[in-house]
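As a plain string of letters, each chain reads:
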Protein chains: 2
Amino acid sequence: MKQRVVIIGGGFTGLNTAKLLGNKQNIEVTLIDRKNYHLFQPLLYQVAMAALGEGDIAAPLRNMLANYDNITVFKGIVESADIANKTIFTDFGDIPYDYLVLACGVQHHYFGNNQWEKFAPGLKTLAQAKEIRRRVMEAYECAERTKDPVERKKLLTFVIVGGGPTGVELAGSIGEMSRYTLSKFYRNIDPKLTRIFIVEAAPRILGSFSPELTSKATRSLEKLGVQVWTSSMVTDVDANGVQIGNERIEAATVLWAAGVTAIAIGKNMGLETDHLGRILVNEDLSIPGHPELFAGGDLAHFELENGKTLPGLAPVALQQGRAIGRNILLDLKKKARKPFRYRDKGQMATIGKNKAIVEIGSLKFDGILAWFTWLLVHIYFLTSFRHRVFVLLQWGWSYFTFSYGARLIVNKEWRFYPDIAKNNNSNKTTTNCDG
Amino acid sequence: MKQRVVIIGGGFTGLNTAKLLGNKQNIEVTLIDRKNYHLFQPLLYQVAMAALGEGDIAAPLRNMLANYDNITVFKGIVESADIANKTIFTDFGDIPYDYLVLACGVQHHYFGNNQWEKFAPGLKTLAQAKEIRRRVMEAYECAERTKDPVERKKLLTFVIVGGGPTGVELAGSIGEMSRYTLSKFYRNIDPKLTRIFIVEAAPRILGSFSPELTSKATRSLEKLGVQVWTSSMVTDVDANGVQIGNERIEAATVLWAAGVTAIAIGKNMGLETDHLGRILVNEDLSIPGHPELFAGGDLAHFELENGKTLPGLAPVALQQGRAIGRNILLDLKKKARKPFRYRDKGQMATIGKNKAIVEIGSLKFDGILAWFTWLLVHIYFLTSFRHRVFVLLQWGWSYFTFSYGARLIVNKEWRFYPDIAKNNNSNKTTTNCDG
């Protein structure tokens, strides 16, 4: 009898578990994801900043897994599972399993202030990336139109909440774009006057890197016109800006790169989770008391010997996906499972052209060498050959021309113009214009 | 004193008028468009079918016009104008003009049945192209999930209303995709069973071409599995399919390629329009009684000597845009205006790989030669060099691998997952799934 492995989530973990079990005898794999594609999350900010298109960093899961006959992909939503009866509940019916792999990651999180979301979108999905792109480009369009200098200043102010790699990459991109690229496109505004703020609650940005690299990254950001505010806790976000205790920044565009929380599936299933909602896992990535359940990637709380947990990085998710696949195969061969050992690939962040930081163990470097390292690593890990070619070409083009791809504002509304007009009025919060 | 030329619409007409007046002394040009980009409309169906990305066929108007210092671009909505006081009314204030060029084209039209729109989106904008892509790919996802064979048949049925070039191109693409590309991606359905219908009210499809080419195109469509129903007037469209008099086709996806109507600006300004809302223009493309007003492209009703009107084709719009620009320049030089003469570039439509029809005057051909002609012409007219390079590369890739770009279903919703779940329930009409 075939073993039924059900995988929830087609990110780095789920995809790699699936591939390891692909075309293996006596295994039937079902992979379920809300989306029909695998997303190369580390480059998502480039879609938000119009440097790449959505097709450059995402590929349909069924295409990626087409050659594994024993894998079925469903686009669907999994709400919870009945552990006792080994069955998951989806929006298209119940599915029984012998092994269940939970790998549906995290979403952004407003620390109990969900009302901030509509003013400050996060960056975890393609839809969010395109919403951010729309807001940023729309702000420049509105600034070009307005005759009120105070309104114009507000429209040319961008606040990024959170100084992790995502926040730094977003801020650096806006800095570079405003200082080097946009100037010649506008007649009534000077895009170089764009104000960009990173607002970080901790005493320094990029807290997971060494203080030395934080310092270098901060200088690089400043050179692009980004103002870095640390020890600054956002206390309110509204349609006109952010409040930081007694300080206030008026901004038409606020982007959220501050917090994440695990998708609620662990909690819904009654599993033990940490303060971020991540599921506690054993050394072999199975869930305590349930050898048939696994969790990996951002969704898993994996504790190291020093008491720390593994960070939410692509290499962790990828390696855990493979480890889960290997342990399921060991089970079927009646062999002992192997504990997961993370091989540290280091971490990196990019700030702008020729500006990046890289930290691998005690090796630290920055500048153009770091930037090329960042570039090569990301190209290498882009999942299909087609993507590698097209991304390299677009980057090459941008590098030498300093002009990015299409900064299109594609309306979400596809219906008649009369309907759009009505809609625009009722959706004031999603546009920056007061026109 | 500088002459103020205001252009409404950044399509082929508006863009070309603007370029002709660019960097000319004593002229100030203001171009206003609802969108921030120029769209290469002839390839829009390829975005709908996931063969190209939105960035491949659209470019921001401000980038395209950046080198003309006397041109200001605004993203905005023009509702009407006061002809007597030479002022247009926009959503960001009034703008005075000396010359006004109306070039805002057409939108799709349901012949008085606007309630059909939500069941059958048209294809005139990028947002619509992406909505069509989403519906087509979602239908396959839902078909893979369902266990009900009748439901599955409905999900694998696509009806295209209208047998003009757009309808033929959409149907041909779905035919090709279902017969050659999708098979290996699904486990529970056979995409080759996809039913595709073109429903055309006239006695033949592609009525603007010669009957001989219609016949060849029909055979090419049939070979791709497309069923061509002519003399078939759609009498109703609902969430489950279309009614054609006493006949009925159950289909989860209906696409509208049947009718267009001019943007209402002519009517709003009290100008004389034809039954399609197009503005009647003189030989020099000015509007009768108003030498300072011009209209061009799809929005204009230009009558030929034989009593026919010029069709809504890109070459017509492009040539008219240049002619308007030239006539304004002649005015400023105090010379007589020239009547517009259309240089017929012929017409063409593509059905699938190596399958197209071309008709230039009495010259008619089809097959692989027509297809290569189509390809070269479209590449040549793609507006920027960057676009030409990237589209050629993607087409080259698709031609040899028969695999298209990313068939991503990008949700319109960018907010929290809990919000999406709620939203899905209230928006049943926009999803094909009953799951």
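As the structure is a computational prediction, the values presented were derived from the model and not from experiment.

In this structure, what is going on with the domain arrangement of chain A? I would like to understand it.
Think of interface size as the accessible area that goes away when the parts come together; that is how it is often given. All names here are of chain A. Taken domain by domain, chain A holds domain 1 (3-108 + 260-332) and domain 2 (114-258). With centres defined by C-alpha atoms, the gap from domain 1 to domain 2 works out at 32 Å. Taken residue by residue, the interface counts 19 residues in domain 1 and 17 residues in domain 2. When domain 1 packs against domain 2, the two sides together hide about 1600 Å² of surface, and 68% of this comes from carbon and sulfur. In terms of surface lost to domain 2, no three residues of domain 1 exceed Y45, M49 and H108, which account for 41% of the buried area on that side. Summed over the shared surface of domain 1 and domain 2, the number is one salt bridge. For E54, the salt bridge goes to K130, with nearest N and O atoms at 2.7 Å. Viewed at the interface, domain 2 and domain 1 are joined by six residue pairs in polar contact (both at pLDDT 80 or more).

Could you clarify how one ought to interpret the interface of chain A and chain B in this entry?
Contact with chain A, which involves 70 residues of that partner, is made by 71 residues of chain B. Here chain A meets chain B over a buried area of about 6800 Å², counting both sides, of which 57% is carbon and sulfur. At the junction of chain A and chain B, the tally comes to 10 salt bridges. The partner of A:R145 in a salt bridge is B:D91, and the shortest N-O contact between them spans 3.5 Å. For the side of chain A that touches chain B, the secondary structure elements donating two or more residues are helix 3 (54-57), strand 4 (58-60), helix 4 (61-64), strand 5 (71-75), strand 10 (106-108), helix 5 (126-145), helix 12 (385-401) and helix 13 (417-426) of chain A. A per-element tally of the side of chain A that touches chain B places helix 5 of chain A first, with 11 residues. Its residues assigned to classes, the side of chain A that touches chain B comprises 31 nonpolar, 15 polar and 24 charged.

Any chance you could explain the relation of the copies chain A and chain B here in plain terms?
One copy of the chain maps onto the second through a rotation about an axis and a displacement along it. Its rotation angle being 180°, the transformation that places chain A on chain B also includes 0.0 Å of axial translation and leaves an RMSD of 0.0 Å. Taken together, the rotation and translation describe the operation of a two-fold axis. A symmetric contact is evident, with 99% of the interface residues of chain A recurring at the interface of chain B.

Looking at this structure, how should I read a positive patch on the surface?
All names here are of chain A. Taken together, K24, R322, R326, K333, K335, K338, R343 and K345 make up a surface patch of like positive charges. Along the chain, the position of K333 falls in the loop between helix 10 (314-332) and strand 23 (347-352). For K333, a relative accessible area of 54% puts it in the exposed group.

Help me out: how do you make sense of the pairing of strand 1 (residues 3-8) of chain A in this one?
Strand residues, when the strand is regular, have side chains that alternate between the two faces of the sheet. Sheet topology places strand 1 of chain A next to strand 2 (residues 27-33) of chain A; six bridges connect them, and they run parallel. In the strand pairing of strand 2 of chain A, A:I7 is matched with A:L31.

What is the right way to read unusual backbone geometry from this model?
The bulk of non-glycine residues show a negative phi, and the bulk of peptide bonds are trans. Residues and elements named next belong to chain A. The residue K86 is not glycine, and still its phi comes out positive at about 50°. Inspection of the secondary structure puts K86 in the loop between strand 6 (78-82) and strand 7 (87-90). Even without being glycine, L206 reaches a positive phi, approximately 50°. Checked against the element boundaries, L206 lands in the loop between strand 12 (195-199) and helix 8 (211-223).

Mind showing me how you'd approach the sheet that holds strand 2 (residues 27-33) of chain B here?
Adjacent strands of a sheet form backbone hydrogen bonds with each other and so pair up, either parallel or antiparallel. Residue and element names in this part refer to chain B. Ordered in space as 5-2-1-9-21-20, the six strands form an open sheet in which the pairing is mixed. At either margin of the open sheet sits one strand with a lone partner, and together these are strand 5 (71-75) and strand 20 (286-287). Bridge count between strand 2 and strand 5: five bridges; the pairing is parallel. Each bridged residue has a counterpart across the sheet, and for T30 the counterpart in strand 5 is T72.

In this structure, what is going on with the packing of aromatic side chains? I would like to understand it.
The relation between two aromatic rings is expressed through the spacing of the ring centres and the mutual angle of the planes. Residues and elements named next belong to chain B. Across all of its chains, the model carries 24 aromatic pairs over all chains by this definition. On the basis of an interplanar angle of 35° and a centroid distance of 5.9 Å, the ring pair of Y140 and Y186 is categorised as tilted. Within this pair, whereas Y140 is found in helix 5 (residues 126-145), its partner Y186 is found in the loop between helix 7 (165-181) and strand 12 (195-199), the two being separated by 46 residues in sequence. Like Y140, the residue Y186 is buried in the burial classification. Over the face of the ring belonging to Y37 we find K35, whose NZ or CZ atom lies 5.9 Å from the ring centre.

Sorry, what's going on with the pattern of salt bridges here?
Close approach of charged atoms lets side chains of opposite charge pair. As enumerated under the stated definition, the model contains 38 salt bridges over all chains in all. Linking B:K216 and B:D366 is a salt bridge whose minimum nitrogen-to-oxygen distance equals 3.7 Å. With B:K216 in helix 8 (residues 211-223) and B:D366 in strand 25 (residues 363-366), this residue pair connects regions lying 150 residues apart in the sequence. Its relative accessible area of 29% is what places B:D366 among the partly exposed residues. A salt bridge links B:D331 to B:R337, with the shortest nitrogen-to-oxygen separation between them at 2.6 Å. A single salt-bridge network, built from bridges that share partners, covers A:E54, A:K130, B:E54 and B:K130.

Calculation rules
Residues numbered from 1 in each chain as written. Chains lettered and ligands numbered in written order. Predicted model: local features only at pLDDT ≥ 70, side-chain atom pairs only at ≥ 80, totals over all residues. Heavy atoms only, no water. Domains from an automatic or database assignment. Contact = heavy atoms within 4.5 Å. Buried area = accessible area lost by both parts, 1.4 Å probe. Salt bridge = Lys/Arg side-chain N within 4 Å of Asp/Glu carboxyl O. Polar contact = N/O pair within 3.5 Å; in protein donor to acceptor, adjacent residues only side chain to side chain. Helix = DSSP H or I, 4+ residues; strand = E, 2+ residues; numbered from the N terminus. Nonpolar A, V, L, I, M, F, W, Y, C, P; charged D, E, K, R; others polar. Least-squares fit on C-alpha atoms with pLDDT ≥ 70 in both. Patch = residues over 30% accessible without salt bridge, like charges linked within 9 Å, V, L, I, M, F, W, Y side chains within 5 Å. Areas by Shrake-Rupley, 256 points an atom, 1.4 Å probe, with all protein chains shown as cover. Lys, Arg positive; Asp, Glu negative; His and termini not counted. Charge placed at Lys NZ, Arg CZ, Asp CG, Glu CD. Buried < 20%, exposed > 50% of the residue type's maximum accessible area, 1.4 Å probe, protein only. Pairing = 2+ DSSP bridges. Phe/Tyr/Trp six-rings, centres within 6.5 Å; stacked < 30°, edge-to-face > 60°. Lys NZ or Arg CZ within 6 Å of the ring centre and 35° of its normal.

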